[in-house]
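Tertiary structure, described
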Amino acid sequence: MNKIIISFVLLSFSFTTYSQSVEEMKKGLEAPDFIHYLKFTLKKQYKVDTINIFSTTSFQGTPDSLAYFGKVGKVYGPYKGRHNNYLVKILQKAPNSFYHISHIILDTSVFHAKFADSLANKIIVQIRSGAATFEAMAGTYSSDNATAAKGGDLGWLCLDGMLPQLTNAISRHKKGDVFKVWTETGLHIVTITDGPKQDTGFALMLKIVL
């Protein structure tokens, strides 16, 4: 979490000579009557976005990490966009269901489908019998290099944000289960290490162009 907070500091840019006016804007936007202030005093362009949070342990960039860690009612920034600098206010948050899962993916562009299925069955038998750990099998067989080194750990993922086949399979299983799921990316061997739990899944964010 400290790393994410540090990343916000790195992503924000240094205030220039108008830093005091930016601070005044942030105070006005955090006030109870901020809509009146925004429309009639600030008179700057703005838009409202809904941010979907697909993982609570890894983030694609500033919007979803800010949506997850930011406090409702607070204004953050300024941040540097492609064409403009902007402030962000967290308007509201809503929950969603998350599962902590790990996977081993057998790439069917490398393995023939029948061979992959047979190999997956053997791997599952070894894991269920205790002859091997899920982490060891992930390190040996998974084609997902990013997670293989972490024992296949994908972290906490939003159930609705996964591939449909994974969503359907995970919703039918419980913590500790080990099972197969076919998707367009290959054959997954999946285990639910924890969950489900309710966590922040959506955030309504106000973006004000400076």
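Everything here concerns the structure above.
Residues numbered from 1 in each chain as written. Predicted model: local features only at pLDDT ≥ 70, side-chain atom pairs only at ≥ 80, totals over all residues. Heavy atoms only, no water.

Throughout the structure, instances matching the rule amount to five aromatic pairs. Here F59 and Y68 contribute two aromatic rings whose centre-to-centre distance is 5.8 Å and whose plane-to-plane angle is 40°, an arrangement assigned as tilted. Accessibility expressed as a relative area gives 18% for Y68, which makes it buried. Positioned above the aromatic ring of F34 is the side chain of K89, whose terminal nitrogen or guanidinium carbon lies 3.5 Å from the ring centre. Cation over ring: K197 sits above W156, and NZ or CZ is 4.1 Å from the ring centre. (Phe/Tyr/Trp six-rings, centres within 6.5 Å; stacked < 30°, edge-to-face > 60°. Buried < 20%, exposed > 50% of the residue type's maximum accessible area, 1.4 Å probe, protein only. Lys NZ or Arg CZ within 6 Å of the ring centre and 35° of its normal.)

The next subject is the packing of helix α5 (residues 113-129) against helix α6 (residues 134-141). At a minimum axis separation of 9 Å, α5 and α6 run at an interaxial angle of 150°. Classified by the angle between their axes, α5 and α6 sit roughly antiparallel to one another. Seen from above, α5 lies across α6 with right-handed handedness. Across from L119, I123, Q126 and I127 in α5, the residues of α6 making contact are F134, M137 and Y141. Its residues assigned to classes, the contact of α5 with α6 comprises six nonpolar, one polar and no charged. (Axes fitted to C-alpha atoms, helices over the stretch in contact; angles between N-to-C directions. Helix = DSSP H or I, 4+ residues; strand = E, 2+ residues; numbered from the N terminus. Parallel < 35°, antiparallel > 145°, perpendicular 65-115°, else oblique. Left-handed = near helix turned anticlockwise from the far one by under 90°. Contact = heavy atoms within 4.5 Å. Nonpolar A, V, L, I, M, F, W, Y, C, P; charged D, E, K, R; others polar.)

This next bit is on the environment of I101. Looking at the secondary structure, you find I101 in strand β3 (residues 85-106). For I101, the contacting residues outside a window of four places in its chain are G152, D153, L154, G155, L157, M162, I170, T191, I192 and T193.

What follows deals with the environment of K43. On the secondary structure map, K43 appears in the loop between α3 (34-42) and β1 (46-52). Distance from K43 to I208, taken between C-alpha atoms, is 9.8 Å for residues 165 residues apart in sequence.

Let us look at the pattern of salt bridges. The final tally for this structure, using the stated rule, is six salt bridges. Between K180 and D117 there is a salt bridge, with the nearest N and O atoms lying 2.7 Å from each other. Separated by 63 residues along the polypeptide, K180 in strand β5 (residues 178-183) and D117 in helix α5 bring together distant segments of the chain. Classification of K180 as partly exposed rests on a relative accessible area of 31%. (Salt bridge = Lys/Arg side-chain N within 4 Å of Asp/Glu carboxyl O.)

In the segment running from G77 into P78, the intervening peptide bond is cis, with an omega of 10°. Relative to the assigned elements, P78 resides in strand β2 (residues 75-80).

Taking 1.5 Å of rise per residue, 17 residues should cover 24 Å, and α5 covers 24 Å from first to last C-alpha, within 8% of that figure. Listing the buried residues of α5 in full gives A116, L119, A120, I123, I124 and I127. For α5, the angular spread of buried residues about the axis comes to 140°, placing them on one side. Across α5 from its buried face, at more than 90 degrees, point the exposed residues K114, K122, V125, R128 and S129. Buried positions along α5 lie against β3, α6, β5 and β6 (186-209). Taken from the residues just after α5, G130 is the one with a positive phi, measuring 85°. (Expected span 1.5 Å × (residues − 1). Arc of directions from axis to C-beta.)

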